[in-house]
Amino acid sequence: MSRGGGKGPSLKDKLDGNELDLSLCDLNEVPVRELAALPKATILDLSCNNLISLPSDFCSLMHLVKLDLSKNRLQQLPLDFGRLVNLQHLDLLNNRLVNLPVSFAQLKNLKWLDLKDNPLDPVLAKVAGDCLDEKQCKQAAVKVLQHMKAIQSEQDRQRQWKLQAEREMEKKREAAQRAKEAQEREVRKREKAEEKERRRREYDAQKAAKQEMEKKTKKETVQTRKPASSSRPPQPPRHKHSWSRSVLRVLLLVLLCVLCTLAACKLTELQRQPLCISVNTLYEDVLAALQNHKTLQNLLQQNSQQ
């Protein structure tokens, strides 16, 4: 077995029944792998070596019942040292320990403990006592376990309180987040309603403008048609006037024809024709009637003057 590593084929040779003595071997580290291969070695003596710390896998040696780590230079024990649940006897005399790991409270089978000659925390030193005899060392085991359980309970309470505080904080954050989301939804809903109302007002305004434009166009159309209709004469008078003009034209045409016929019968060779003779006779009769009518008018006029 080498001095530095504690390894070698002679490790089994040191096994005496269930006791394995590795004291005074000038060890700098513990041969955990070789020790794990010897589950019968329930009593392990590692005193008087140069151990500064124990490896983390040392706590896998759960078969240990008695462990002597006195007179080393240990500054701390592994955090999971409490895994050594079968440990009944523990000697940590003359090391450099200040505190014990909280898991130490799990060593429920520990019956004997020596913590003398360590720079212990004053509270822990007071709890451990002097351990000058068998009784004091047994009391030290009981008191230190109680003290470590109290520390563990307090840490558990602190941890629970911290966990509860974190949960409460998480609930508050979730509530705040929900409130924020609800507020954002309300804002979006209000914005949507405002947008809808704005669009509705625009639609109504456009519709009103369109109706006003239609009314204006209709009014302008009516006003445009009204002067045109008022400037025109009524239909019946226009019809009457047209009929009178037609009659007048016919009379003029007849008169013209009569004059032409009369002129032809008077001035041309047609005057000896029977038609012209009748026309000339009619003309002379009319002329005589007109003269008689004129004579009668003159007589009437003279009588009226008298």
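Quick summary incoming for the structure in this document. Quick caveat: nothing in here was measured; it's all calculated off a predicted structure.

## Quick look at the overall build of the chain
On a plain count of helices and strands, the chain comes out with five helices and six strands. Start at the N end of the chain and walk to the C end: the helices and strands fall as β-β-α-β-β-β-β-α-α-α-α. Taken over 306 residues, the chain has a buried fraction of 23%. Accessible area of the chain: about 22300 Å², with a carbon and sulfur share of 55%.

## Points about the sheet that holds strand β2 (residues 19–21)
The sheet built from six strands is open, its strands ordered β1-β2-β3-β4-β5-β6 with mixed pairing. Among the strands making up the open sheet, the edge pair consists of β1 (15–16) and β6 (112–114).

## Quick look at the environment of Gln139
With respect to the secondary-structure elements, Gln139 resides in helix α3 (residues 134–231). Given the relative accessible area of 35%, Gln139 is considered partly exposed. Sequence separation between Gln139 and Asp114 is 25 residues; the distance between their C-alpha atoms is 10.0 Å.

## A look at the nonpolar core
Among the nonpolar cores identified, the biggest contains 41 residues, and Leu46, Phe58, Leu67, Phe81, Leu100 and Phe104 are the most heavily contacted of them. Only α1 (32–36), α2 (122–128) and α3 provide two or more residues apiece to this core. It is α3 that contributes the most residues to this core, four residues altogether. In contact with Phe104, other than residues within four places in its own chain, are Phe81, Leu90, Leu110, Leu113, Val144, Leu145 and Met148.

Basis of the calculations
- Residues numbered from 1 in each chain as written.
- Predicted model: local features only at pLDDT ≥ 70, side-chain atom pairs only at ≥ 80, totals over all residues.
- Heavy atoms only, no water.
- Helix = DSSP H or I, 4+ residues; strand = E, 2+ residues; numbered from the N terminus.
- Buried < 20%, exposed > 50% of the residue type's maximum accessible area, 1.4 Å probe, protein only.
- Areas by Shrake-Rupley, 256 points an atom, 1.4 Å probe, with all protein chains shown as cover.
- Pairing = 2+ DSSP bridges.
- Core = buried A, V, L, I, M, F, W, Y, C linked by side-chain atoms within 4.5 Å.
- Contact = heavy atoms within 4.5 Å.

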